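An overview of the molecular structure
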Amino acid sequence: QAFGRYPQPYRKYLRRIDHGLDAPEARHPRSDVLERYAIPDDGLLLLNAGRLCDQKGQDQIIRALPHVRGARLILAGGGPDEASLGELARSLGVADRIHFLGVVSREALGDLLGAVDMFVFPSKWETFGLAAVEAAMAGVPIVAADLAVLREVLSTGREEPVGFVDPTHPEALAAAIEKQRA
């Protein structure tokens, strides 16, 4: 459908290839998952999964967190920005609301997706956005960067549980999270 306006000579070579992964499955109840990671169940639980690096925009979620009432952020992934993200969280007074889990298995990611209230994906650029697609496959509401590729892979043509936002503005990101919460 996204390529409907392409010339017919081009379209005749297009083939649909469905996503090659099954939807992540939650195998354990929310309470067990949160207990495993020592995460209190005392408010809105946000999840971001991916490499902790500048491209993925986790710093913007941390900057937005002071503007999102009663929310905790779970970061599943590792990478070169982990220490600086922790320092940013401390400087903004939200370090106690952020949980760095490191790299998690696919099974653990399924459990996390089943335990959280929202997936937040403020990447600056993506070639596909697999983590966001997996969150959508798991049925988790999403706030994502307003990137053409994410609109392509997350849009259904109907009202979606996705809030697209400019990821470079923490206040806009916070507002989108609050809107998705409602």
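Keep in mind that what you see is a predicted model, and the values were worked out from it rather than measured.

**Overview of helix α4 (residues 82–91)**
Along α4, the residues that are buried comprise Leu85, Gly86, Leu88 and Ala89. Looking down the long axis of α4, one finds its buried residues gathered within 160° of arc, a one-sided arrangement. Away from its buried face, by an angle of more than 90 degrees, α4 presents the exposed residues Ala83, Arg90 and Ser91. Packed against the buried residues of α4 are α3 (58–64) and β3 (98–102). Positive phi appears at Gly93, one or two residues downstream of α4, with a value of about 75°.

**Observations concerning the packing of aromatic side chains**
Counted by the stated rule, this structure contains one aromatic pair. Ring geometry for Phe119 versus Phe121: centroids 5.9 Å apart, planes at 25°, classification stacked. Comparing Phe119 with Phe121 shows no difference in burial state: the two are buried.

**What to know about the sheet that holds strand β4 (residues 118–121)**
If you walk across this open sheet you meet the six strands as β3-β2-β1-β4-β5-β6, and the pairing is parallel. The two strands at the open ends of the sheet, each matched to only one other strand, are β3 and β6 (162–165). If you compare each strand with its neighbour and ignore which way they point, the axes differ by 20° on average. Here strand β5 (residues 142–145) pairs with β6 via four bridges, running parallel. Each bridged residue has a counterpart across the sheet, and for Ile142 the counterpart in β6 is Val162. Packing of helix α5 (residues 106–115) onto the sheet brings it into contact with β1 (44–49), β2 (71–76), β3 and β4, and relative to β1 it is tilted by some 150°.

**Quick look at the pairing of β2**
Of all six residues in β2, six are buried; the element is thus mostly enclosed. Residues of β2 alternate between two faces, with Ala71, Leu73 and Leu75 on one and Arg72, Ile74 and Ala76 on the opposite face, all of them buried. With six bridges connecting them, β1 and β2 associate as parallel partners. Among the inter-strand pairings, Asn48 is bridged to a residue of β2, identified as Leu75. Since β1 and β2 lie parallel, the crossover through α3 that links them has a hand, and here it is right-handed. As defined by bridge partners, β2 adjoins β3 across four bridges and the pair is classed as parallel. Residue pairing across strands places Leu73 opposite Ile98, the latter belonging to β3.

Calculation notes
Position numbers for residues count from 1 along each chain, tracking the sequence in the order it is written. Two thresholds apply to this predicted model, a pLDDT of at least 70 for residue-level local features and 80 or more for giving and counting side-chain atom pairs, whereas whole-chain, interface and lining totals are computed over all residues. Side-chain figures throughout are based on the complete set of non-hydrogen atoms in the structure, without hydrogens or water. Exposure classes here rest on a 1.4 Å probe applied to the protein chains alone. A residue is buried below 20% of its type maximum, exposed above 50%, and partly exposed in between. Secondary structure counts use DSSP, requiring at least four H or I residues in a row for a helix and at least two E residues in a row for a strand, with both numbered from the N terminus. For this quantity, the arc is that covered by the directions from the helix axis to the C-beta atoms. Contact definition: two residues touch when any of their heavy atoms are within 4.5 Å. Whether two aromatic rings pair depends on their centres lying within 6.5 Å, for rings of Phe, Tyr and Trp, where Trp uses its six-membered ring; planes under 30 degrees apart make the pair stacked, over 60 edge-to-face, and the rest tilted. Paired strands, as defined in this entry, are two strands with at least two bridges between them according to DSSP. For helices, the fitted axis covers only the stretch in contact; all axes are lines through C-alpha atoms, and the angles between them, taken along N-to-C directions, range from 0 to 180 degrees. Every crossover in which the path from the first strand over the helix to the second runs clockwise, viewed with the strands pointing away from the viewer, is termed right-handed.

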